[in-house]
Amino acid sequence: MATDYDAPRKNEEDLNEDSIEELKARRSENAQPAVDEDEAEAAEGFELPGADLSGEELSVRVLPRQADEFTCSRCFLVHHRSQLAYEEAGQLVCSECAA
C-alpha cells in the first residue's frame, strides 16, 4: 500500500473519530473491479494433454553430431566440447551433470 509521507498525520483521537461509513467508503474506493473474461474464449487457446496430434507434421531439420560435439553419458544430450566437464573411463560428462 502506498503511503503519502507529506500528508498530515492523524493522532489517536482523530483515528478513533473515523465513522464506519467513512471507512466503508474508503474501502470501496480502493476495491479493484472484477475482470470480466469469457471462459469459452480463454479455453480455446489451451492444449489438453493427450490431445490427438496425429494430423500434425514436424518440420525440424536434424543434423548428425558434429566433430566439435559430444554426447553426455548421463543425460544423453549432445553438447559442444566447451561443455565437457570430465571424461571417466571413456564416458564423457557435461558440466550440467557434473554440477
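Residues numbered from 1 in each chain as written. Predicted model: local features only at pLDDT ≥ 70, side-chain atom pairs only at ≥ 80, totals over all residues. Heavy atoms only, no water.

**Q** Can you help me understand the overall build of the chain in this one?
**A** Across its full length, the chain carries 4 helices and 4 strands. Each helix (α) and strand (β) of the chain, taken in turn from the N terminus, gives the series α-α-α-β-β-β-β-α. Expressed as a percentage of the 99 residues in the chain, the buried residues total 7%. Within the chain, counting contacts between residues at least 6 apart in sequence, those at least 24 apart form 4% of the total. (Helix = DSSP H or I, 4+ residues; strand = E, 2+ residues; numbered from the N terminus. Buried < 20%, exposed > 50% of the residue type's maximum accessible area, 1.4 Å probe, protein only. Contact = heavy atoms within 4.5 Å.)

**Q** Explain the pairing of strand β3 (residues 84–88) to me, please; I cannot follow it from the model alone.
**A** If a strand is regular, its side chains alternate between the two faces of the sheet. Examined bridge by bridge, β3 and strand β4 (residues 91–94) share 4 bridges and lie antiparallel to one another. Across the sheet, residue Glu87 finds its bridge partner in β4, namely Leu92. Taking the residues that link successive antiparallel strands as the turn, the β3-β4 hairpin has 2 residues, and the phi of Ala89 there is positive, at about 55 degrees. (Pairing = 2+ DSSP bridges.)

**Q** How do you make sense of the side chain of His79 when you look at a structure like this?
**A** Topologically, His79 is positioned in strand β2 (residues 78–80). Since its relative accessible area comes to 10%, His79 is described here as buried. For His79, the residues in contact, after removing those within four places along its chain, are Asp68, Glu69, Phe70, Cys72, Cys94 and Glu96.

**Q** What is the right way to look at a nonpolar patch on the surface in this model?
**A** Side chains of Leu58, Val60 and Val62 sit close together on the surface and give an oily, nonpolar patch of about 390 Å² of accessible area. Among the secondary structure elements, Val60 is positioned in the loop between α3 (39–43) and β1 (69–71). (Patch = residues over 30% accessible without salt bridge, like charges linked within 9 Å, V, L, I, M, F, W, Y side chains within 5 Å. Areas by Shrake-Rupley, 256 points an atom, 1.4 Å probe, with all protein chains shown as cover. Salt bridge = Lys/Arg side-chain N within 4 Å of Asp/Glu carboxyl O.)

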